[in-house]
Amino acid sequence: MPATPQTNPTKAALEAAVLDLTDDEIVEALLRRPRNDIKDAFEARRAYAWPGEAKRNVLTALARRLGSGRAPSSR
């Protein structure tokens, strides 16, 4: 029987904390960034779309970004 890999406890705790975030908490965190390009685009989309659509758009874009792999830091 092959050995099962063990997850590092700190990694497991971090993953659990992130997975526990609500959609609202994720969007709010992104909107608090020092660069306001996300907030500006979010506000424009929210003014145009149905309630909640702007939030779904942010989360969809975030999922697509995460699915594309790592990106170099802009700092």
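Here, every reference points to the structure presented above.
Residues numbered from 1 in each chain as written. Predicted model: local features only at pLDDT ≥ 70, side-chain atom pairs only at ≥ 80, totals over all residues. Heavy atoms only, no water.

Some points on the overall build of the chain
Then, number 1: Within the chain one finds four helices and zero strands.
Then, number 2: When the helices and strands of the chain are placed in sequence order, the string is α-α-α-α.
Then, number 3: Scored against the burial criterion, the 75 residues of the chain give a buried share of 9%.
Then, number 4: Approximately 6,700 Å² of the chain is accessible, and the part contributed by carbon and sulfur atoms is 57%. (Helix = DSSP H or I, 4+ residues; strand = E, 2+ residues; numbered from the N terminus. Buried < 20%, exposed > 50% of the residue type's maximum accessible area, 1.4 Å probe, protein only. Areas by Shrake-Rupley, 256 points an atom, 1.4 Å probe, with all protein chains shown as cover.)

Observations concerning the pattern of salt bridges
Then, number 1: If you walk through the whole model with that rule in mind, you get five salt bridges.
Then, number 2: Among the salt bridges present, the one from arginine 45 reaches glutamate 53, with a minimum N-O distance of 3.8 Å.
Then, number 3: For glutamate 53, a relative accessible area of 22% corresponds to the partly exposed category.
Then, number 4: Residue glutamate 53 pairs with arginine 56 through a salt bridge whose shortest N-O separation is 2.9 Å. Of the two residues, glutamate 53 and arginine 56 both sit in helix H4 (residues 53-67), three residues apart, roughly one turn of that helix.
Then, number 5: Among the ionic contacts, a cluster of salt bridges with common partners joins Arg45, Glu53 and Arg56. (Salt bridge = Lys/Arg side-chain N within 4 Å of Asp/Glu carboxyl O.)

What about the packing of helix H2 (residues 23-31) against helix H3 (residues 37-48)?
Then, number 1: H3 packs onto H2 with a crossing angle of 125° between their chain directions and a minimal axis gap of 8 Å. Taken together, the axes of H2 and H3 are oblique relative to one another. Across from Val27, Leu30 and Leu31 in H2, the residues of H3 making contact are Ile38, Lys39 and Phe42.
Then, number 2: Partitioned by chemical class, the residues of the contact of H2 with H3 number five nonpolar, no polar and one charged. (Axes fitted to C-alpha atoms, helices over the stretch in contact; angles between N-to-C directions. Parallel < 35°, antiparallel > 145°, perpendicular 65-115°, else oblique. Contact = heavy atoms within 4.5 Å. Nonpolar A, V, L, I, M, F, W, Y, C, P; charged D, E, K, R; others polar.)

Examining the nonpolar core
Then, number 1: Counting six residues, the largest nonpolar core is built from Val27, Leu31, Phe42, Ala54, Val58 and Leu59.
Then, number 2: Among the secondary structure elements, those contributing two or more residues to this core are H2 and H4.
Then, number 3: Here the element with the most residues in this core is H4; it accounts for three residues.
Then, number 4: Filtering out sequence-adjacent residues up to four positions away, leucine 59 remains in contact with Asp23, Ile26 and Val27. (Core = buried A, V, L, I, M, F, W, Y, C linked by side-chain atoms within 4.5 Å.)

Comments concerning the packing of H2 against H4
Then, number 1: Two numbers describe how H2 lies on H4: the axes approach to 10 Å, and their chain directions differ by 80°. Classified by the interaxial angle, the pair formed by H2 and H4 is roughly perpendicular. On H4, the residues touching Asp23, Asp24, Ile26, Val27 and Leu30 of H2 are Lys55, Val58, Leu59 and Leu62.
Then, number 2: Residues that form the contact of H2 with H4 fall into these classes: six nonpolar, no polar and three charged.

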